[in-house]
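Single-letter residue listing:
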Amino acid sequence: MPHRTAVRAATSADVPDLVGLCLEARAEAGTGSALCTDDGTRLRGQLTTALGLPGAFLLVAQHGDQTDGLLLGRTVGPTLFADHVAVDLEALYVRAAARRRGVGHALLVALVAVADAAGATEVVAAPLPGARGVQRFLARAGFQAAASYRVVTVAALRRRLAVDQPRTVRPVSGAITRLVALRRQILATGELPAVQDDGVEEPAATTRQVSRAVQTRRPAESSTVIS
């Protein structure tokens with residue numbers, strides 16, 4: 001029986017695999033130097049720094065025991081120029097050998113869950129020029145061109161993903177669904193409860209940062225580590 005893709009929030013134990021994925025993406029891209037550094041030590045530091053930013057979250061997709069994909073994003077808003085919350089999709093990558101298995105789809109499904117938890121209404125992506133594979137993938141998922149960005153409403157993305165659901169995708173992990181439950185509890189009680197990760201190491205800033213974004217709604221600048 002084939003393994004199904006599972007998506008969960010990243011932990012510090014995933015960092016070595018994530019560094020490897022970033023380096024694979026760099027080698028594959030025609031604009032590698034614009035993607036990320038080729039120094040693994042510096043890249044590790046950049047990933048951990050990115051996760052310390054307000055609203056940041058990092059998702060990993062696994063097919064069996066293999067880490068096959070990552071998605072780096074941030075919840076942003078409200079800001080001085082917009083009164084709504086959006087999710088900034090900063091990096092999305094699936095290793096070449098794992099494509100056409102629903103890995104990218106599964107990452108976007110988990111992204112919708114995070115967007116719901118943060119109360120976001122839109123997802124904004126800025127793939128690098130020349131990243132044709134990512135551009136095509138986002139277009140198929142319903143992202144529309146907006147200058148150099150691609151934008152889709154969370155509702156439209158949810159509908160598209162439901163139509164295109166692959167059979168190999170496992171429902172999103174408990175760590176992701178807890179984000180949705182956490183938001184509902186915040187809206188009902190007005191309080192920010194403590195979050196545990198079932199006895200394992202707390203996901204790297206995902207629940208903390210998304211919860212803090214929901215509670216404080218502080219503006220945050222956008223940055224790109226990889227795409």
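Cut-offs used in this document
Residues numbered from 1 in each chain as written. Predicted model: local features only at pLDDT ≥ 70, side-chain atom pairs only at ≥ 80, totals over all residues. Heavy atoms only, no water. Helix = DSSP H or I, 4+ residues; strand = E, 2+ residues; numbered from the N terminus. Expected span 1.5 Å × (residues − 1). Buried < 20%, exposed > 50% of the residue type's maximum accessible area, 1.4 Å probe, protein only. Pairing = 2+ DSSP bridges. Right-handed = clockwise from strand over helix to strand, strands pointing away.

### Thoughts on helix 4 (residues 103-118)
For helix 4, with 16 residues, the first-to-last C-alpha span of 23 Å sits near the 22 Å given by 1.5 Å per residue. Counting buried positions over the 16 residues of helix 4 gives 14, a clear majority of the element. Glycine 119 occupies a position one or two residues after helix 4 and carries a positive phi of about 75°.

### Re the pairing of strand 5 (residues 122-125)
Where strand 4 (residues 86-94) lies against strand 5, four bridges are found, and the strand directions are parallel. The partner of aspartate 88 across the bridge, within strand 5, is valine 124. Crossover strand 4 to strand 5 through helix 4 is right-handed. Inspection of the sheet shows strand 5 paired to strand 7 (residues 149-153) by four bridges, in the antiparallel sense. Bridging across to strand 7, glutamate 122 finds its partner in threonine 153.

### Structural notes on unusual backbone geometry
Omega for the peptide link from glycine 77 to proline 78 comes to -5°, which places this bond in the cis form. Structurally, proline 78 is set in the loop between strand 3 (66-76) and strand 4. Even without being glycine, alanine 147 reaches a positive phi, approximately 60°. You can see alanine 147 is positioned in the loop between strand 6 (144-146) and strand 7.

### A short note on the pairing of strand 2 (residues 56-63)
Within strand 2, seven of the eight residues are buried, which leaves the element mostly enclosed by the surrounding structure. One ladder, built from five bridges, connects strand 1 (residues 5-9) with strand 2; its direction is antiparallel. Each bridged residue has a counterpart across the sheet, and for valine 7 the counterpart in strand 2 is alanine 61. Of the strand pairs in this sheet, strand 2 and strand 3 are connected by eight bridges, and their pairing is antiparallel. What sits directly across from alanine 61, in strand 3, is glycine 69.

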